There are 2 protein chains.
Amino acid sequence: MNHSELLLQKIAANTEVVGIIGLGYVGLPLAVGFAQAGINVIGFDKSQNKVDQINSGENYIKDIRDAVLREVVDNIKLVATTDFTRIKECDALLICVPTPLDKFRKPDMSYIESACMAIGQNMKPGTFISLESTTYPTTTEDLMLPIIEKESGLESEVDFWLAYSPERVDPGNASFHTKNTPKVLGAITKEGLEIGEKIYSKAIDTLHLVSSPKVAEMVKILENTYRLVNISLINELALLSGKMGIDIWEVIEAAKTKPFGFQAFYPGPGIGGHCIPLDPFYLEHIAKKFDFDLSMIHAAGHINMRMPHYMYIKIATALNSQQKAVNGSKILFLGVAYKPNIDDARESPALEIMDITAHKGGLVSYHDPYIPSVETHHGASLQSVPLTPETLHAADCVVLTTNHQVFNPEMIKGHARLIVDLRNVIKESSDNIFKL
Amino acid sequence: MNHSELLLQKIAANTEVVGIIGLGYVGLPLAVGFAQAGINVIGFDKSQNKVDQINSGENYIKDIRDAVLREVVDNIKLVATTDFTRIKECDALLICVPTPLDKFRKPDMSYIESACMAIGQNMKPGTFISLESTTYPTTTEDLMLPIIEKESGLESEVDFWLAYSPERVDPGNASFHTKNTPKVLGAITKEGLEIGEKIYSKAIDTLHLVSSPKVAEMVKILENTYRLVNISLINELALLSGKMGIDIWEVIEAAKTKPFGFQAFYPGPGIGGHCIPLDPFYLEHIAKKFDFDLSMIHAAGHINMRMPHYMYIKIATALNSQQKAVNGSKILFLGVAYKPNIDDARESPALEIMDITAHKGGLVSYHDPYIPSVETHHGASLQSVPLTPETLHAADCVVLTTNHQVFNPEMIKGHARLIVDLRNVIKESSDNIFKL
């Protein structure tokens, strides 16, 4: 019996072991999904802290229900470990590591490379390997394959199968989670695709198969580039509308009544999170190799990078209308999460605006119901202050940077002396309410 | 009884006369819609030919059913005229004239100005006036209002009411037509908005009221800018994908399986028609007045303008693969309409590609089932040739420029010697099928 027959037999008997490498907001829900389907899952992470939390049934991902995590840990369907030699126990390895950009906006592939090294050094023959991290097209075949082959001495598509299947996790989405979000899968060979389909089907309702890893890689980039470009477009139109005395929010509500050919995006102080601000630049990176200039992504990136600065100008303008300078004024920011109702401040534009404001002499504080403390990009450490009539009234300016649903517009309006609303929370403007 | 009370009384009694200025693809369906609702409609157009056709019940707009036009003409609910002095018979005037760009991509406002002159010189007091043509924000109040006041000697919002309500006509759309497409309406005063709502409601199912004409003007621009930017983005990604050996059509089909936050756009040889290639540049025009640079629109416009040239390169590359030059080769274009299943070649990229190809010595012919003859941008006059096995086989290269549903991929593939498919009609590539 060859490797693929053996693996397919295990999959049919539900006895395969699935290893998930990286236990963050993508990897942990996926690990829980497989474990819930009755598959034995080993979760790998370099963080001893995360591993200990999981093994004691403590959940740290908002989108996973605590009881569900506890159940699969109690049933020993999911175990977490920092010991990467246990990769050899796995029949399938799904890689969910971060792919950040470095300080020069170049892709930092070190997490993927390091995962591939660990896999190559520890895997057994007959393993299915799939990358879920967002990256530039060609990564699976041109970067991962040679590392794994070299470290393992095994041959791709004979001794192991390599695939790419992008995560589509949307933190805070009440309707779509890992299981019911259709998943794209591209493998190098038909055999790899068949094995991947059989494995993923256990945890994912709908799979969409494509002809190659690089097609699947481009799918993810297209999805997020679409969002970056459209948010940047509406931000640019919001800035022009501001100059023209047009309420962009009213414009968007009206445009939404078009029943075909339109999807609404909303302006904001800039794009945050782990995907949209980063992914398009992966494509820009690989495009250079093909002597290709991506002008839409370039323009969109430029607008997005400038937004926090424009938002600072808006704060300064609002204070100026009350004959105050930023320098020495108390400025309270409401919300540092990069989108509503989540506890994640990564790449959040609020942090950037707070840094600029503090740098200009503003006395910066913040409140976020989900994020008790933050470190800004320039290294300032801040604790969330309570949201009370007193803290609101004490501020020279209150800046709405995240539209958390729990924010009460009436209460904020009732006590703040000056408001800069970057998220249309207050839904009106006046002498002391400035809207984006 | 003042003007507004009188007009509202007529509207309540269904005895108002509605004048439609401009009887093209926007004005004629609107005129028919009001006439079908039992309102007396006078249609104004400078073209004696169009007026004669309508008055003899001959329909020239594909989206209107012939029988419906004949019925409202036979019932004398709709009469057409070139006599603009009959404007004085109208209680409401809806302006549906073209707003093209001139050769320097500046808005040509002469049609609107001319309509306003005619209205000002002929209207009676107590008239409601609404512009439907796409234009830049501020047009209604800053351009139209002064002309009408000066020519009529009447006062806006006292003797007449001015509004803006953008058309959302989508030729060839099987689900949404004039009546069931929600319509945005913005007027200068509440009184004008109330009158406008009562009039439009007779022909339109759903109205969305906004606070000013300039908000309504921006709505239309946002809708079409969204499309221009997204089509340009996917065109740019298609060009890169081509270089990387990735099938962009397969990527889009896969991305479409994302159930949130994505809307699919498709690449093509460039953007045609009367709206999307033009409207965003209206905004670019007015933005200059506000010292504002619209970088997203600029980048999108640049890509769109270059597409026909890139498509020519694709044709040359395909011919080159068979050791043929464009110069002297027979090149047959299938489809000159700017989108599928319609009979409109305005601003069609096919015409541009045909011009470039002919200029380089290609022997250009075309077939379009809906367009028997065309004049290209550079003035060449061409007749549609029949689509037969012989014409397909006789061509050195067959170029698919419009994806009309009636095109039979099997038949084309079976007889063409070389295909350049710019619309994914054939859905495969090979040594003699080149895809965008």
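The residue numbering used here restarts from 1 in each chain and proceeds along that chain's sequence as written. Lettering for chains starts from A, numbering for ligands starts from 1, and both go in the order in which the items are written. Local features in this predicted model are restricted to residues of pLDDT 70 or higher, and side-chain atom pairs are both shown and tallied only at a pLDDT of 80 or more, whereas totals for entire chains, interfaces and linings draw on every residue.

J.: Any chance you could explain the overall build of chain A here in plain terms?
T.: Along the backbone of chain A there are 14 helices and 15 strands. The globule rule used here is 2.2 Å times the number of residues to the 0.38 power, and the radius of gyration it is set against is calculated over C-alpha atoms. Here the C-alpha atoms of chain A give a radius of gyration of 24 Å, agreeing with the 22 Å that 2.2 N^0.38 yields for 436 residues. Each principal axis of the C-alpha atoms in chain A carries an extent, and together these give about 80 × 50 × 40 Å. Numbering of helices and strands runs from the N terminus; a helix is a DSSP stretch of H or I covering at least four residues, while a strand is a stretch of E covering at least two.

J.: Sorry, what's going on with the sheet that holds strand E5 (residues 127-131) of chain A here?
T.: Two orientations exist for strands paired in a sheet by backbone hydrogen bonds: parallel and antiparallel. All names here are of chain A. Should DSSP find at least two bridges between two strands, the strands are taken to pair. Taken in spatial order, the eight strands of this open sheet run E3-E2-E1-E4-E5-E6-E7-E8, and their pairing is mixed. Bordering the open sheet on either side are strand E3 (78-81) and strand E8 (207-210), each of which pairs with just one other strand. The sheet shows a mean angle of 25° between the axes of neighbouring strands, taken without regard to direction. Summarising the sheet, strand E1 (residues 17-21) and strand E4 (residues 92-95) pair through four bridges and their orientation is parallel. Axes here refer to lines fitted to C-alpha atoms; in helices the fit is confined to the stretch in contact. Angles between the N-to-C directions go from 0 to 180 degrees.

J.: It is not clear to me how the domain arrangement of chain A should be interpreted in this structure. Could you clarify?
T.: As a measure of interface size, the accessible area lost when the parts come together is often cited. Residue and element names in this part refer to chain A. Looking at the assigned domains, one finds that chain A contains domain 1 (3-211) and domain 2 (279-435). Each partner contributes residues to the interface: domain 1 has 12 residues there, and domain 2 has 11 residues. Residues belonging to the side of domain 1 that touches domain 2 are distributed by class as follows: five nonpolar, four polar and three charged. Residue ranges assigned to each domain were obtained from an automatic or database domain assignment. Contact criterion: two residues are in contact if their C-beta atoms, reconstructed from the backbone, are within 7 Å. In this classification, Asp, Glu, Lys and Arg are treated as charged, Ala, Val, Leu, Ile, Met, Phe, Trp, Tyr, Cys and Pro as nonpolar, and every other residue, Gly included, as polar.

J.: Looking at this model, I keep getting lost on helix H12 (residues 349-359) of chain B. Mind explaining?
T.: Because an α-helix packs 3.6 residues into every turn, residues spaced three or four apart end up facing the same way. Residues and elements named next belong to chain B. Partly exposed residues are those whose C-beta has more than 12 but fewer than 20 other C-beta atoms within 10 Å; 20 or more makes a residue buried and 12 or fewer makes it exposed, with C-beta atoms placed from the backbone. Within H12, eight of the 11 residues are buried, leaving the element largely enclosed by the surrounding structure. Among all positions in H12, only Pro349, Ala350, Leu351, Glu352, Ile353, Met354, Ile356 and Thr357 are buried. If you follow the buried residues of H12, they end up packed against helix H11 (295-321), strand E9 (330-334), strand E10 (363-367) and strand E11 (373-375). Two residues or fewer past H12, Gly361 is found with a positive phi of approximately 100°.

J.: What is the right way to look at the environment of Thr401(B) in this model?
T.: Residues and elements named next belong to chain B. Residue position: Thr401 is located in the loop between strand E13 (397-400) and helix H14 (409-415). Its 30 C-beta neighbours within 10 Å are what place Thr401 among the buried residues. Each C-alpha atom, one on Thr401 and one on Leu351, is 9.5 Å from the other, the two residues being 50 residues apart in sequence. In this structure Thr401 touches Pro269, Phe333, Leu334, Gly335, Val336, Ala350, Ile353 and Leu422, once residues within four positions along its chain are discounted.

J.: Please explain the relation of the copies chain B and chain A as it appears in this structure.
T.: Comparison of the two chain copies shows a relationship of rotation about an axis with a shift along it. The copies are overlaid by a least-squares fit using only the C-alpha atoms of residues whose pLDDT is at least 70 in both copies. Between chain B and chain A, the superposition needs a rotation of 180° and an axial shift of 0.0 Å, giving an RMSD of 0.0 Å. In symmetry terms, the pair is related by a two-fold rotation axis. Interface overlap between copies is the fraction of interface residues in one copy that are interface residues in the other; for chain B against chain A it reaches 100%, indicating a shared surface.

J.: Whenever I open this one, the sheet that holds strand E2 (residues 40-44) of chain B confuses me. Can you help?
T.: Residue and element names in this part refer to chain B. In spatial order, the strands read E3-E2-E1-E4-E5-E6-E7-E8; together these eight strands make up an open sheet with mixed pairing. Edge strands, defined here as strands with exactly one partner in the open sheet, are strand E3 (78-81) and strand E8 (207-210). Here the strands of the sheet are splayed against their neighbours by 25° on average, with no regard to which way each runs. Its contacts with the sheet put helix H5 (residues 110-122) on strand E1 (17-21), strand E4 (92-95) and strand E5 (127-131), and the angle it makes with E4 is roughly 165°.

J.: What is the right way to look at unusual backbone geometry in this model?
T.: It is generally the case that most residues other than glycine have a negative phi and that most peptide bonds are trans. Here the phi dihedral of Asp291(A) falls at roughly 55°; this positive angle occurs in a residue that is not glycine. Considering the arrangement of structural elements, one finds Asp291(A) in the loop between helix H10 (279-289) and helix H11 (295-321). On the basis of neighbour count, Asp291(A) is assigned to the exposed category, with 7 C-beta atoms found within 10 Å. Phi at Asn14(B) is positive, roughly 60°, even though this residue is not glycine. Mapped onto the secondary structure, Asn14(B) falls in the loop between helix H1 (3-12) and E1. Given 11 C-beta atoms within 10 Å, Asn14(B) falls into the exposed group.

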